[in-house]
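Chain residues, written in single-letter form:
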Amino acid sequence: MTRSAWRTLLLWLLAMLAGAAVVWNSRFSTDISFFLPARPTAEQQVLVDQLKEGAVSRLLMLAIEGGDAAQRAELSRDLRSRLAALPEFASVQNGDAGSQDAERDILLAHRYLLSPAVTPERFTVDGLNAAISNSIDLLASPAGMMLKPFLTRDPTGELVELLSNLNAGAQPDSRDGVWASHDGRRALLLVQSRALGSDIDGQEKAIALIREQFSAASRSAGLEDLTLRLSGPGLFAVKSRATIRDEVARLSLISLIAITAVLVFVYRSPRLVVLGLLPVASGALAGIVAVSLAYGTVYGITVGFGSALIGEAVDYAIYYFVQSGRLGLKDWRQRYWPTIRLGVLTSVAGFGALLFSGFPGLAQLGLYSLTGVLTAALVTRFVLPPLAGPAIQVPVPARAGTVLRAGLHHVRALRWPVIGLALAAFAYLGAHRNELWLPNLSVLSTVSAEDAALDARLRADLGTPDARYLVVVTAPDREAALLAAEQAGHQLDRLVADGVIGGYDSPARFLPSAAAQAARRASLPPADALRPRLQAALADSPLSAGKLAPFLADIEAARRQPLLGRHDLDGSGLALAVDSLLLPGPGGWSVLIPLRPAGGEAGTDIPVSAVRAALAGSGALFIDTKGQFDALYGDYLDQAVWLSSAGFVAIVALLLLTLRSPRRLAGVLLPLVLAVALVIAGLHLAGEHLHLLHLVGMLLIVAVGSNYALFFDRIAGGATLDAATLMSMAVAATTTVIGFGTLALSSVPVLHAVGVTVGPGAFLALLLSAAFASREAPA
Amino acid sequence: MIRQLISSIVLASIAVTAHAAFNVDQLMSGLAQHKGGRAKFVEKRYLAVLDRPLVATGEMTYTPPDRLEKRTVTPKPETLLLDKDVVSVERDKRRMSINLASRPEALAFADSIRSMLGGNRAALEKNYTLQLNGNADNWVLTLSPTAQQIAALLQRITVSGSKDQIRTIDYLLADGDRSELSIEPLESR
């Protein structure tokens, strides 16, 4: 080897080592931020925060099945007390009556700070008369049963007021004193982990603890035939990570083994096989390094794309080994390298278009593939020749040449049938153009249909709000945020009164702003002033003022009571309610106010414009989360259409610039466009749900397939295709189809879609390029 | 109503022929003949904390086997609906539903009146022991709770009536408070 060859080799080795160091220190992630917008709007940011860190993302729903209701209730109580004792869980609820007493006691103790009805007017003679008369009327009704024990302490009925707000939302059904599904066959618990939803390790640990505690509980109760089922965002994240990890390893291995087998068969030299895989390894490493450096985090799905990259990146070494044997390196570089270089550039243009996507996962896939392909080509061009040395000889069996030439001849007969078929495909696509693409982000989710169904069932049984409609207010500090929430509450109260919405939840209900609490406390009169007013108010009442000494004492105590703080709610469901709706963030505090639909004819929809109008000017943001998700995916899809078109235009421009002949350009493009149409029509016909990654796959068919079309274009340029060239193309296409085809096996929708589109697409691109190639001038 | 009348005449004549052999089964089967209907009610609550009893009036509608609607008119309109295991209360335009399966003692309490109207002896005996005094024209049935959970709420229920018509239901609560419900049947349409 020459001095410069050594230098090249050394540089490459150093680069690889540096790359390995970067990869070693990279952060790998399988979380949902793959799908979340890179540059979110204010509304989308709320969604992103909710999905990553919101209280909802920390909720796990548990269902105990089997046995009878009493056994399930027994396990539910035991599991609750076991989990509540663990520091990993912020809250564990099972609807047990005892746990609800804790909430009632907190509300009772702080009722004069919490109740919105507490105003100076309420403690005038008229106010007291009205409030106490109402309470007495309530005593005559069954609804008053819970009030009776507290009447002498709370004659104005503040506790009833607070409790009716607490239970305003739908409560789950109960059996034997604990939450149960509507059909009564499952006992239900709601657990909130301390670990954030985006902390998948933390979620995994929490889930393992729950399962462990459940088996311990069922063992100690001798109820081992009862089973636990569980669902929630945390479980989905853990499962999704396991799926992606498993598949990255499995798919890469399948692809690598199959491709290596092909190479062994063709090269018949272990040394060449190892050398041939060098550009692939370099490319895969460089891809991860580039993504890690550019984005900070490498998504598991991106690495999973490696299986396709192997198939694509190995091509360059195949061309080099098979084609240069007869020609020698110098001639090869002169005659074939320009064609290969153009193929690399079209691939780079295709993957490069994805870089501009606002869908972070897609942008990463683009950068990873672009870097990988480019690196593999460069390593093949500059590092492989000095390493391989001059004496490479891949046998090109005479029979292979004959067979391929005959195949080329036969395939030409397919021209007209293919054109007919392609016209049919275009007509089919035209007829179905409006329902071709699924307009829903959930098609990209790795959650299985079975898991999604269980989740939906548990959610319905627990009445877990799906929080579709949210009002969001933000403020620099907690007090200001609570004040803003109270302000928004006043506006929403009017909508409730008008029947526009059914109701809303607000953290200010259980943790009012200090200002509101202080105002309420200030409206409590001193005992000396209250006593005569009470006498006057109850002059004709069946309740005599003399019995209300406990009321006077409670009011006196409340006048000196410190304001209610968040810590006063600890250990009750109220803490969970407040924490999930009042969130500290880097830029201040946000308050979420979920709205409930009015029900009735309106169904579950809320008139968005009416709510917007009511909140106009208050700075509060009204979000229809479902609408936001649909819009988000719509944006991705629009952008993907735009980027794919731009990528296609870039490829066309590149080809036109190099080929300098519209006729040859048409010759290269025609088979590619036909291949795209046939693949998409075929997939849709086969019942595949097409989404944005299939769309991206269309661009990649053109980007990858053009490599083969370009070789056939050499005929138009006056060159002949000898047996070695034909064989190298056949082998290269085979490895590419294997690489992408392996992705089609994936259960991760993103990978599957690209594989199932580009795998057959690359094969068709080769076949159709052969069919439409100019007839070779007789050699 | 005609059929009820006939059945009560038949029942009365059986009672007369059988002399004083009026028992819980006969009472219950008589009550079970009811095909539902409407009644006016007056409910008086005697609470220790109040100097005077509270009086509520309104209408009750029973639809066998498990739907009972109690519509209070005075002192304040309120509708209470007991349908299977769910109680809904509507008051001040606010509606509140409670699934009683979550609180068996509350269900037993609310269920007693429905089971009485339906003549459902099995349902009553699940939670109470029954003791019948008097004759078919003037009977008194006393229900004493058997379960601890219900006894914590309720000392006993006393139901009185004549033939297959309930006249009063008296609840004596555990804390000594008492509620007296008088029922006056209305012609059903």
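Attention in this report is confined to the structure presented alongside it. Note that this is a predicted model, so its numbers are computed, not measured. (Residues numbered from 1 in each chain as written. Chains lettered and ligands numbered in written order. Predicted model: local features only at pLDDT ≥ 70, side-chain atom pairs only at ≥ 80, totals over all residues. Heavy atoms only, no water.)

## A few points about the overall build of chain A
Each helix and strand in chain A was counted, giving 29 helices and 13 strands. For 779 residues, the compact-globule estimate of 2.2 N^0.38 gives 28 Å, and the C-alpha radius of gyration of chain A, at 35 Å, exceeds that figure by more than 25%. If one aligns the C-alpha atoms of chain A with their principal axes, the spans along those axes are about 120 × 55 × 50 Å. The proportion of buried residues among the 779 residues of chain A is 55%. (Helix = DSSP H or I, 4+ residues; strand = E, 2+ residues; numbered from the N terminus. Rg over C-alpha atoms; globule rule 2.2 N^0.38 Å. Buried < 20%, exposed > 50% of the residue type's maximum accessible area, 1.4 Å probe, protein only.)

## Here we look at the pairing of strand 2 (residues 59-65) of chain A
All names here are of chain A. In terms of burial, strand 2 is largely enclosed, as 7 of its 7 residues are buried. Here strand 2 shows no split at all, with Leu59, Met61, Ala63 and Glu65 on one side and Leu60, Leu62 and Ile64 on the other all buried. Here strand 2 runs beside strand 6 (residues 186-193); their pairing, made up of 7 bridges, is antiparallel. Within strand 6, the residue paired with leucine 60 across the bridge is valine 191. Bridge analysis of strand 2 against strand 7 (residues 227-231) gives 5 bridges, and the strand direction is antiparallel. From the neighbouring strand, isoleucine 64 faces strand 7, where its bridge partner is leucine 228. (Pairing = 2+ DSSP bridges.)

## Points about the packing of helix 12 (residues 306-327) of chain A against helix 15 (residues 360-388) of chain A
All names here are of chain A. Axis separation between helix 12 and helix 15 bottoms out at 9 Å; the angle between their running directions is 30°. Taken together, the axis directions place helix 12 and helix 15 in an arrangement best described as roughly parallel. The two elements helix 12 and helix 15 meet at a crossing, and its hand is right-handed. Where helix 12 abuts helix 15, its residues Gly306, Leu309, Glu312, Ala313, Tyr316, Ala317, Tyr320 and Phe321 lie against Tyr368, Ser369, Gly372, Val373, Ala376, Ala377, Thr380, Leu384, Pro385 and Ala388. (Axes fitted to C-alpha atoms, helices over the stretch in contact; angles between N-to-C directions. Parallel < 35°, antiparallel > 145°, perpendicular 65-115°, else oblique. Left-handed = near helix turned anticlockwise from the far one by under 90°. Contact = heavy atoms within 4.5 Å.)

## Things to note about helix 16 (residues 398-412) of chain A
Residues and elements named next belong to chain A. Taking 1.5 Å of rise per residue, 15 residues should cover 21 Å, and helix 16 covers 22 Å from first to last C-alpha, within 8% of that figure. Buried within helix 16 we find Ala400, Gly401, Leu408, Val411 and Arg412. Looking straight down helix 16, one finds its buried side chains confined to an arc of 105°; they lie on one side. More than 90 degrees from the buried face of helix 16, the exposed residues found are Ala398, Arg399, Thr402, Val403, His409 and His410. Check the buried side of helix 16 and you find it contacts helix 17 (415-431), helix 27 (692-716), helix 28 (723-744) and helix 29 (749-772). (Expected span 1.5 Å × (residues − 1). Arc of directions from axis to C-beta.)

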